[in-house]
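Chain by chain, the residues run as shown.
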Amino acid sequence: MGHSLLCMMGFFLLSAVICGNAEDKPKAELRADRTAVPVGGSVTLTCSVSPSSSSSSSTSGWKYYWYRDEKYSQPLTTQDAVFLSNGQISVSEGGLYSCKGGRGEPVYYTEDSETVRIVSNRPVVTLYPNWSEIYRGETITVRCEIHGGDTEWDYEWETNSIRKPPNQNEYRIRSASSSNSGNYRCKGRMKSSQHKTTEWSDSVTLTVSDNKPRPVLTVSPSWLSPGASVTLNCQVEHPSAGWSFYWYKAVPDLSEKSSSYELLPDGSGTAQDSYIIHGQTHTAGYVCRAGRGDPEYHTDHSQPKFVWSADVHSAASLTVSPDRVQHFISDSVSLTCEGNFTEWRVMKFSEDGRLYSVCRRMTGYTCNIYTSKSDTGVYWCESGSGEFSSAVNITVQSMLLYIYFLDLNDLDVT
């Protein structure tokens, strides 16, 4: 029993000697002679390891490992820094630096040092707002930013754009056009010593499109039951680029042979690209557009999209004669608008998604057409006071001609 106890005590004593106490693990210390990289200069970093207060181990024999931005990335090499000595390097690039020491075989590592932030005076070009594409007429600001110290700078720009920025740190383009497109880079020149300059910044590309965007509106469902809800969705080419949305009801304007737009309730500048209309009971047309920036830039209005109702009890209605859904090519079809209104027009939404006014001249409240294959579509009436009738779906197809061939040998002529 005594022998076993003695062995166990010896094992624990040996483990303590070999492994040591985790609390005694040394921590590297990182110091910088300055925190900002001077023009054309560098910052010296020094890493050292001091023994803990409870340890008398030597501080010699350490090899130092250097890191920037990510502690667990690969250590810095001679391509990243100038190695002045084992515990000292010189850097000219900004970033978050740390170090640690290691010695022995296998290598025993210290704890990582605290990080030290070094600020570079290499300029950075930024775009505000930072959108992937700018449209003609939008406002955009190109900035040259130099961090570190209180140095006053003159600025120099280099660009392949047709229009050159002024020698200032900020270039505000109030109405952008394609002539502003190009690569921009800048550098700073010390006002107190004009021969001292920063490096050139990396280039930033500004792309300005002369095409004004037009959003695409979708409605769901297209045909509804009375009282059903309708969901509108407005999609812009770059949907994540800071757009807000505007929602409108299309109101027929017979005098202009077009429609005017009335803003829907709470339909101004919504952050969401969808809008729900509750209790829809009749045929209606809707439009959307988008805006962004300060001052706000607006897209074109979308093409109108319609939700159709077959409710014959609406204030206006469309009747078709002959009263059938399917018609044949060259049929004579009468479309009659009915309701307490004096002016009408008949509209058609074709299979290819286009909107047409069907009759240039109406006979009273009736539009007469001779059908062709292209007349397949959804039809409705619009009144001069902005009302929509119920909608009718008309299909036009070719008439089939069957020809039978008789074999005279099969005829009984007796």
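Residues numbered from 1 in each chain as written. Predicted model: local features only at pLDDT ≥ 70, side-chain atom pairs only at ≥ 80, totals over all residues. Heavy atoms only, no water.

J.: Kindly report on the overall build of the protein, identifying the contributing residues and their values.
T.: Across its full length, the protein holds 1 helix and 32 strands. Expressed as a percentage of the 414 residues in the protein, the buried residues total 39%. Looking at the protein alone, contacts between residues at least 24 apart form 61% of all its contacts between residues at least 6 apart. Per element, the accessible surface of the protein, about 24,500 Å² overall, is 49% carbon and sulfur. (Helix = DSSP H or I, 4+ residues; strand = E, 2+ residues; numbered from the N terminus. Buried < 20%, exposed > 50% of the residue type's maximum accessible area, 1.4 Å probe, protein only. Contact = heavy atoms within 4.5 Å. Areas by Shrake-Rupley, 256 points an atom, 1.4 Å probe, with all protein chains shown as cover.)

J.: An account of the side chain of Thr198 is requested, with residue identities and associated values reported.
T.: Assignment of secondary structure puts Thr198 in the loop between strand 14 (182-190) and strand 15 (204-206). Of the polar contacts made by the side chain of Thr198, one reaches the backbone nitrogen of Gly188; its length is 2.9 Å. Excluding anything up to four places from it in sequence, Thr198 contacts Val39, Asn121, Pro123, Ile146, Trp153, Lys187 and Gly188. (Polar contact = N/O pair within 3.5 Å; in protein donor to acceptor, adjacent residues only side chain to side chain.)

J.: Give a description of the nonpolar core that names residues and reports values.
T.: For soluble globular proteins, the rule of thumb is that nonpolar side chains tend to be buried together. Core analysis: the biggest nonpolar cluster contains 40 residues, and Val142, Leu206, Leu232, Trp243, Trp247 and Tyr286 have the highest contact counts within it. For this core, the element with the most residues is strand 22 (residues 284-292), which contributes 4 residues. Apart from residues lying up to four places away in sequence, Tyr286 is in contact with Leu217, Leu232, Tyr248, Lys249, Ala250, Leu264, Ile277, Gln280, Gln303, Pro304, Lys305 and Val307. (Core = buried A, V, L, I, M, F, W, Y, C linked by side-chain atoms within 4.5 Å.)

J.: I'd like to hear about unusual backbone geometry, residue by residue, with values.
T.: A cis amide bond links Ser220 to the next residue, Pro221, at an omega of 0°. Along the polypeptide, Pro221 turns up in the loop between strand 17 (216-220) and strand 18 (228-235). Omega for the bond connecting Ser321 with Pro322 falls within 30 degrees of zero, at 0°, which places this linkage in the cis form. On the secondary structure map, Pro322 appears in the loop between strand 25 (316-321) and strand 26 (326-328). One non-glycine residue with positive phi stands out, namely Asp266, at about 55°. A relative accessible area of 73% places Asp266 in the exposed class. Phi at Ser330 takes a positive value of approximately 75°, unusual for a residue other than glycine. Looking at the element boundaries, Ser330 is found in the loop between strand 26 and strand 27 (332-339). On the basis of relative accessibility, which here comes to 54%, the residue Ser330 falls in the exposed class.

J.: For the pattern of salt bridges, give the residues involved together with the corresponding values.
T.: Going through the model one piece at a time under the given rule, you end up with 14 salt bridges. Between Arg136 and Asp210 there is a salt bridge whose closest N-O contact spans 3.0 Å. On the criterion of sequence distance, the pair formed by Arg136 in the loop between strand 10 (134-135) and strand 11 (140-145) and Asp210 in the loop between strand 16 (208-209) and strand 17 is long-range, its members being 74 residues apart. Owing to a relative accessible area of 46%, Arg136 belongs among the partly exposed residues under this scheme. Residue class for Asp210 comes out partly exposed when judged on its relative accessible area of 37%. Across the salt bridge formed by Arg189 and Glu156, the nearest N and O atoms sit 3.3 Å from each other. One end of the pair, Arg189, is in strand 14; the other, Glu156, is in strand 12 (residues 153-159), and 33 residues separate them in sequence. (Salt bridge = Lys/Arg side-chain N within 4 Å of Asp/Glu carboxyl O.)

J.: I'd like to hear about the sheet that holds strand 12, residue by residue, with values.
T.: If you trace the 3 strands from one edge of the open sheet to the other, you get 12-14-15, paired in antiparallel fashion. Looking along the sheet, the strands with just one partner apiece sit at the ends: strand 12 and strand 15. The sheet shows a mean angle of 35° between the axes of neighbouring strands, direction not considered. In this structure, strand 12 lies alongside strand 14, joined through 7 bridges in antiparallel fashion. Residue pairing for strand 14: Asp154 is matched across the bridge by Arg189. (Pairing = 2+ DSSP bridges. Axes fitted to C-alpha atoms, helices over the stretch in contact; angles between N-to-C directions.)

J.: Help me get a handle on the layout of surface pockets, residues and values and all.
T.: When its volume is computed, the largest pocket comes out at roughly 540 Å³. Contributing to the lining of the largest pocket are 23 residues, with Lys257, Ser258, Arg345, Met347 and Ser357 lying nearest its centre. Considered class by class, the residues forming the lining of the largest pocket number 12 nonpolar, 5 polar and 6 charged. (1 Å grid on protein atoms, 1.4 Å probe; cavity = no way out; pocket = protein on both sides within 12 Å on 5 of 7 lines; lining within 4 Å. Points joined across faces, edges and corners; volume = space filled by probe spheres on them. Nonpolar A, V, L, I, M, F, W, Y, C, P; charged D, E, K, R; others polar.)

J.: Could you give an account of the sheet that holds strand 25, naming the residues involved and the relevant values?
T.: What the 3 strands build is an open sheet, ordered 25-27-30; its pairing is antiparallel. The strands lining the two open edges of the sheet, one partner per strand, are strand 25 and strand 30 (366-370). Pairs of neighbouring strands in the sheet enclose a mean axial angle of 20°, with direction left out of account.

J.: I'd like a description of the state of the cysteines, backed by residues and values.
T.: Here the structure, examined in full by the defined rule, presents 5 disulfides. A sulfur-sulfur distance of 2.1 Å marks the disulfide that ties Cys337 to Cys381. Torsion about the S-S bond of the Cys337 and Cys381 cystine: about -85°, corresponding to left-handed handedness. Pair noted here: Cys337 is in strand 27 and Cys381 is in strand 31 (residues 377-383), with a separation of 44 residues, a long-range link. (Disulfide = S-S within 2.5 Å.)

J.: Provide a residue-level description of the environment of Phe349, including the pertinent values.
T.: Relative to the elements of secondary structure, Phe349 occurs in strand 28 (residues 344-350). When sequence neighbours within four positions are dropped, the list of residues in contact with Phe349 reads Trp308, Arg354, Leu355, Gly377, Val378 and Trp380.

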